[in-house]
Amino acid sequence: NPVATLACLLPKAELHLHIEGTLEPELAFRLAQRHGVTLPWPDVEALRAAYNFSDLQSFLDLYYAGANVLRTEADFYDLTRAYLEHAHADNLRHVEIFFDPQTHTERGVAFEDVLGGIRRALLEAEREWGISFRVIMSFLRHLSEADALATLDEARPYLHRIDGIGLDSSEMGHPPSKFARVFAECRELGLPVVAHAGEEGPPEYIEEALDILRVKRIDHGVRALESDALMTRLANEQIPLTVCPLSNVKLKVYDDMTAHGLRKMLARDIKVTINSDDPAYFGGYVNDNFIACIDALDLTADEVIKLARNSIEASWLDNARRDALL
Ligand code: HPA
Ligand code: ZN
């Protein structure tokens, strides 16, 4: 398919990627061995076979279990390096990656080691392959706002190495409004903010993210399709959505890829982008996501070019580099 070939060759940015979600089973077992810990699965095949999710929570349970093997600066470096090899192979020229400090500091891993290992790999890939990057610290929404505020305090010595703030984990029952104060504080610090909204949660969560958290982008946002007024607003204000198609199918947001709303959003002139979310768990990296959408939705070359351009335009790159990539 020439459209798939085009998608693979175009320069792109990835804007929705959880570094903990890039932990492939092979690396999980290697790190478990490194630390002399036993994973609750006998081998790589058994772990991969467990990637059969019924919803977001069933995935998160495994995702947090897997993160338990990430303990040292070297672990976070190895994890991030492996992701960046895929990014380079997929012609990604820029990546904006989430990390979840609470998942690690709760287990006694130093904030410095988490961020240091991730950044060491990012700086190396920038030197070697010219992949620019931003790092987004994400709060876990199933925990309290007080916990997020404490995490922000812990992050204060490292804020010069943190480019933005996100909100992830279990969406239902944890609306954006729960984090109004901590996000206000982040904005006052000059940090751009984003939030997962409308993945499993209703369109109202997307509106809260926009109006209360004042996000620059919506992560996922696919349930906006249920509200015509919100669709119009997203288009008028050109609010970027970081859509993750393979994730949506794997977590049963859609029964299959032919039911995905991506093409409807493009038709409504909403600024959608294609991202991999947690590629080790959801069956593919950015190009795999493009190919799955092209196959199921019959995307045109113009649509694919638009999606790739959107990813650069919706990034937080400075104008000079943005223009160079467009
Ligand atoms: N949604 C919410 N939380 C997450 C996700 C996601 O897709 N991936 C990792 N944490
Ligand atoms: Zn996500």
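Residues numbered from 1 in each chain as written. Chains lettered and ligands numbered in written order. Predicted model: local features only at pLDDT ≥ 70, side-chain atom pairs only at ≥ 80, totals over all residues. Heavy atoms only, no water.

A few words now on the coordination of the zinc ion (ligand 2). The protein atoms that coordinate the zinc ion (ligand 2) are His16 (NE2), His18 (NE2), His196 (NE2) and Asp277 (OD), at distances spanning 2.0 to 2.2 Å. Coordination at the zinc ion (ligand 2) is irregular, judged from the 4 donor atoms that bind it and the angles of 83 to 174° they form at the metal. In the primary structure, the donors to the zinc ion (ligand 2) are separated according to the pattern H-x1-H-x177-H-x80-D. Here His18 is found in strand E1 (residues 12-18), whereas its partner Asp277 is found in the loop between strand E8 (272-274) and helix H14 (279-282), with 259 residues between them in sequence. Side by side, His18 and Asp277 carry an identical accessibility label, which is buried. (Donors = N, O, S within 2.8 Å, 3.2 Å for Na, K, Ca; no water. Tetrahedral: all angles 85-135°; square planar, octahedral: opposite > 155°, others 65-115°. Helix = DSSP H or I, 4+ residues; strand = E, 2+ residues; numbered from the N terminus. Buried < 20%, exposed > 50% of the residue type's maximum accessible area, 1.4 Å probe, protein only.)

What follows deals with the environment of Leu15. As for its position among the elements, Leu15 is in strand E1. When the C-alpha atoms of Leu15 and Arg34 are compared, they prove to be 31 Å apart, with 19 residues separating the residues in sequence. Other than its neighbours up to four places away in sequence, Leu15 contacts Glu96, Phe98, Arg217, Asp219, Thr242, Thr273, Asn275, Ser311, Ala314 and Ser315. (Contact = heavy atoms within 4.5 Å.)

What surrounds ligand 1 is the set His18, Leu56, Phe59, Leu60, Tyr63, Asp168, Ser169, His196, Glu199, His220, Asp277 and Asp278. Contacts to ligand 1 include His220, whose side-chain N or O atom sits 3.1 Å from an oxygen atom. Between a nitrogen atom of ligand 1 and a side-chain N or O atom of Asp278, the distance comes to 2.7 Å. Notes on ligand 1: free accessible area 260 Å², of which the protein chains cover 100%. Element by element, the count of residues in the shell around ligand 1 is highest for helix H4 (residues 56-67), at 4 residues. Considered class by class, the residues forming the shell around ligand 1 number 4 nonpolar, 4 polar and 4 charged. (Near = heavy atom within 4 Å. Polar contact = N/O pair within 3.5 Å; in protein donor to acceptor, adjacent residues only side chain to side chain. Areas by Shrake-Rupley, 256 points an atom, 1.4 Å probe, with all protein chains shown as cover. Nonpolar A, V, L, I, M, F, W, Y, C, P; charged D, E, K, R; others polar.)

This part takes up the side chain of Thr273. Here Thr273 lies in strand E8. By relative accessible area, which is 0% here, Thr273 ends up buried. Among the polar contacts listed, one links the side chain of Thr273 to the side chain of Asn275, at a separation of 2.9 Å. Every residue in contact with Thr273, bar those within four places of it in the chain, is listed here: Leu15, Leu241, Thr242, Val243, Leu307, Asn310, Ser311 and Ala314.

If you trace the 4 strands from one edge of the open sheet to the other, you get E5-E6-E7-E8, paired in parallel fashion. Two strands in the sheet have a free side with no partner beyond their single neighbour: strand E5 (194-197) and E8. Going from strand to strand, the sheet's axes swing by 30° on average, the running direction of each strand aside. Pairing between strand E6 (residues 217-220) and strand E7 (residues 241-243): 2 bridges, direction parallel. Directly across from Ile218, in E7, lies its bridge partner Leu241. (Pairing = 2+ DSSP bridges. Axes fitted to C-alpha atoms, helices over the stretch in contact; angles between N-to-C directions.)

As a further point, take the confidence of the model for the protein chain. Predicted confidence across the protein chain gives a mean pLDDT of 98, with 100% of residues reaching 70 or more. When mean pLDDT is taken per element in the protein chain, E7 scores highest with 99 and helix H17 (residues 319-325) scores lowest with 96. For this predicted complex, the interface score ipTM comes out at 0.96, alongside a pTM of 0.98. (pLDDT = per-residue confidence, 0-100.)

Read from one edge to the other, the open sheet built from 4 strands follows the order E1-E2-E3-E4, with strand pairing classed as parallel. Each end of this open sheet is capped by a strand with a single partner; those strands are E1 and strand E4 (164-168). Each neighbouring strand pair of the sheet contributes to a mean axis angle of 25°, computed without reference to strand direction. Examined bridge by bridge, strand E2 (residues 92-99) and strand E3 (residues 132-140) share 6 bridges and lie parallel to one another. Each bridged residue has a counterpart across the sheet, and for Val95 the counterpart in E3 is Phe133.

Looking now at the packing of helix H1 (residues 2-9) against helix H16 (residues 301-313). To describe two helices that pack against each other, one gives the angle between their axes and the distance between the axes. The interhelical angle for the contact between H1 and H16, taken along N-to-C directions, is 15°, at an axis separation of 10 Å. Considering their axes alone, H1 and H16 lie roughly parallel with respect to each other. Remark: the crossing between H1 and H16 carries right-handed chirality. Between H1, through Val3, Leu6 and Ala7, and H16, the contact on the second element is made entirely by Ala301, Val304 and Ile305. Residues of the contact of H1 with H16, tallied by class, amount to 6 nonpolar, no polar and no charged. (Parallel < 35°, antiparallel > 145°, perpendicular 65-115°, else oblique. Left-handed = near helix turned anticlockwise from the far one by under 90°.)

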